[in-house]
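Fold and geometry: a report
Here is what each chain is made of, one letter per residue.
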Amino acid sequence: MAHDTAIDVENKEHDGHKQEVKSDVWQGGESPFKSSYGKLMMWYFLLSDAFTFAGFLIAYGALRFSMDAWPVPDHVFSTAPFGLENSPLIFVTFMTFVLIVSSVTVLRAVQEGKLENQGGVVKWLVITILGGAVFLGCQAWEWTKLIAGEGTTIYNNPFSSQLEEGSYITFERAKELNEQNGMGLVEKTMTVNVHTDNGHTTEELSYLAKPNPKFVSAEATPNEVEYTQLYFEKIDHHYFHRHGNDAGKTYVGDADKGSFKVKDPYLIAYHEGNYFPGAYEVDNQLKGEPMGPKSFGTLFFFITGFHGFHVFSGLIILLVIAVNSWSGFYGSRKNGYEMVEKVGLYWHFVDLVWVFVFLVFYLI
Amino acid sequence: MGHVLSSKEGMKLAMKGFMILLIVTLVEVAIALLGNGHIGGMHWPKMLMIPVMCILSLYKAYYIVSIFMHLGSETKGMAASIVLPVALLFWAIIAFLWEGDTWNSRRNGVKSDASKVGQSIQQDNMIQNINELPNEIRWS
């Protein structure tokens, strides 16, 4: 290389302009991409991050393709604040809207940074931070609803692939269908211990049970063995921690663990604010579906969690850069407000990832 | 990198981008709500809805990267060094979805083999008569 350069320099003297450019490129001091080191490296970091997210989303796609049944997102994500039940996609559309707005405001901050307008940069960065915080708050609310309200966790997914012709029914309707069709389900009540935030209480829980003599075993008492399937009205996630006194312990929980055996067939149904797991109605028949694939909850919480983590770290970086801008630190810097451009790239990337998370989890 | 936009020009660009992203998102949501029968009670074919929503999302991604992140105004070499590696993902998506489909058919193949030797099997994906529900489902 040194030899070539020497020749080039020699040629420059003899041949003029064309050779001169070539030698300068190889001697450094000129950036072929006409971009700063920092911005270029931010781009390559985002490229690698894109591969990480792509890996997660492709894993989601492969697992979803490998399952016969997959939860219908319109039913999983159908709650919204202010008493809006059964309103699919509304809340997540709002979240997407917030993220788009914050993506646009960070664009404004970058533009003001290029104009070296300190006040504008700080103003738009603060609005961006507010937008990001609202998004994270919405995500926290959504997770709380899913985990505490619906019982979807990384271990458990009560949503099966509700098929199109079925409609969810209430506990009362299930009892009607039971009588109407002579299904032989028996209504019983049991006293359950409910773990709440304020301690333990007991309450009477109605359920439908299907008598089946098949499960009689030597050590079982009559009450425990009579029913193979129990259908409870689901109230909240504490359902999973109920201890049954009256019900078959095999199905409600092991005495030592005190948890519901979630592999038992059961389906969360919610309609007009009522829950009934294990059943819904197709052509006046009570039908049921088993629990949905566990990987749904796992993938959902890991991927949206990883995205939320990016939003959170983006917020911290935005905050630091907003404070630096406000203090006039970048105004006196040689490369000006380039840090605002870099965090802008990162923040746009977070929005970009959300486009695909929104597509695969909520829309399709 | 192009010229530096004035505050006014910047605001105009930002509003245009905002409107485009918002409208495309609303169209996607409208397709999901209308096509799945939540509004109007229609049921559109999934095979039509899914590609349309994918294309709209890809357009949003293109717009964010090209305009908001200015990649469209960078040098060609720089844009290529970022876009070409991402293009590799298209094959990854095809290959792994194919793979997932194979897992599905293998698993169902094992199930139907089990039925041949007389073991009882359950169709996990079907709505079942409540009296026929299995006591335990394994989603392996």
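In case you missed it, the structure is sitting above this.
Now for a look at the structure at hand. All values derive from a computational prediction rather than experimental measurement.

What to know about the overall build of chain B
A count of helical and extended segments in chain B gives three helices and one strand. The order of α-helices and β-strands along chain B, N terminus first, is α-α-α-β. For chain B, the proportion of its 140 residues judged to be buried stands at 15%. Across chain B, contacts joining residues at least 24 apart in sequence account for 40% of those joining residues at least 6 apart.

Some thoughts on the overall build of chain A
A count of helical and extended segments in chain A gives eleven helices and nine strands. The 364 residues of chain A split such that 40% are buried. Contacts in chain A between residues at least 24 apart in sequence constitute 64% of all its contacts with a sequence separation of at least 6.

What about the nonpolar core?
Leu125, Leu318 and Phe358 of chain A are the most contacted members of the largest nonpolar core, which has 68 residues in total. Mapped onto this core, the elements with two or more residues apiece are α3 (37–66), α5 (90–114), α6 (118–150), α10 (294–326) and α11 (338–363) of chain A together with α1 (7–35) and α2 (46–68) of chain B. Top contributing element to this core by residue count: α11 of chain A, with 16 residues. Beyond its immediate chain neighbours, meaning those up to four positions away, Leu125 of chain A contacts Ala109, Leu318, Ile321, Ala322 and Ser325 of chain A.

Structural notes on the packing of α1 of chain B against α2 of chain B
Residues and elements named next belong to chain B. α2 packs onto α1 with a crossing angle of 165 degrees between their chain directions and a minimal axis gap of 10 Å. By the criterion of interaxial angle, the relationship of α1 to α2 is roughly antiparallel. Regarding α1 and α2, the two cross each other, and that crossing is left-handed. Between α1 and α2, the residues in contact are Gly17, Ile20, Leu21, Val24, Val27, Glu28, Ile31 and Gly35 and Met49, Val52, Met53, Leu56, Tyr59, Lys60, Tyr63, Ile67 and Phe68, respectively. Split by residue class, the contact of α1 with α2 holds 13 nonpolar, two polar and two charged.

A short note on the environment of Gly137 of chain A
As for its placement among the helices and strands, Gly137 of chain A is situated in helix α6. Sequence separation of Gly137 of chain A and Gly29 of chain A is 108 residues, and the distance between their C-alpha atoms is 46 Å.

Some thoughts on the environment of Gly100 of chain B
Locating Gly100 of chain B in the fold gives a position in helix α3 (residues 76–116). Note: C-alpha distance between Gly100 of chain B and Leu33 of chain B (67 residues apart in sequence) is 27 Å. Setting aside anything within four residues of it in sequence, one finds Gly100 of chain B in contact with Gly61, Ala62, Leu63, Arg64, Phe65 and Ser66 of chain A.

Description of unusual backbone geometry
Residues and elements named next belong to chain A. Positive phi, close to 50 degrees, is recorded for Lys34, a residue that is not glycine. Its place among the elements puts Lys34 in the loop between α2 (17–26) and α3. The exposure class assigned to Lys34 is exposed, which follows from the 11 C-beta atoms found within 10 Å. If you check the backbone angles, Glu116 has positive phi at about 60 degrees while not being a glycine. Mapped onto the fold, Glu116 is located in the loop between α5 and α6. A count of 13 C-beta atoms within 10 Å places Glu116 in the partly exposed class.

Some thoughts on the packing of α5 of chain A against α11 of chain A
Residues and elements named next belong to chain A. Remark: α5 packs on α11, axes separated minimally by 9 Å, with the N-to-C direction vectors making an angle of 160 degrees. With respect to α11, the axis of α5 lies roughly antiparallel. In terms of crossing hand, the pair formed by α5 and α11 is left-handed. The residues of α11 that touch α5, namely those facing Val92, Thr96, Leu99, Ile100, Ser103, Val106, Leu107, Ala109, Val110 and Gly113, are Val340, Glu341, Gly344, Trp347, His348, Asp351, Trp354, Phe358 and Tyr362. Class assignment for the residues of the contact of α5 with α11 results in twelve nonpolar, five polar and two charged.

So, how was this worked out
Residues numbered from 1 in each chain as written. Chains lettered and ligands numbered in written order. Predicted model: local features only at pLDDT ≥ 70, side-chain atom pairs only at ≥ 80, totals over all residues. Helix = DSSP H or I, 4+ residues; strand = E, 2+ residues; numbered from the N terminus. Buried ≥ 20, exposed ≤ 12 C-beta atoms within 10 Å, placed from the backbone. Contact = placed C-beta atoms within 7 Å. Core = buried A, V, L, I, M, F, W, Y, C linked by C-beta atoms within 7 Å. Axes fitted to C-alpha atoms, helices over the stretch in contact; angles between N-to-C directions. Parallel < 35°, antiparallel > 145°, perpendicular 65-115°, else oblique. Left-handed = near helix turned anticlockwise from the far one by under 90°. Nonpolar A, V, L, I, M, F, W, Y, C, P; charged D, E, K, R; others polar.

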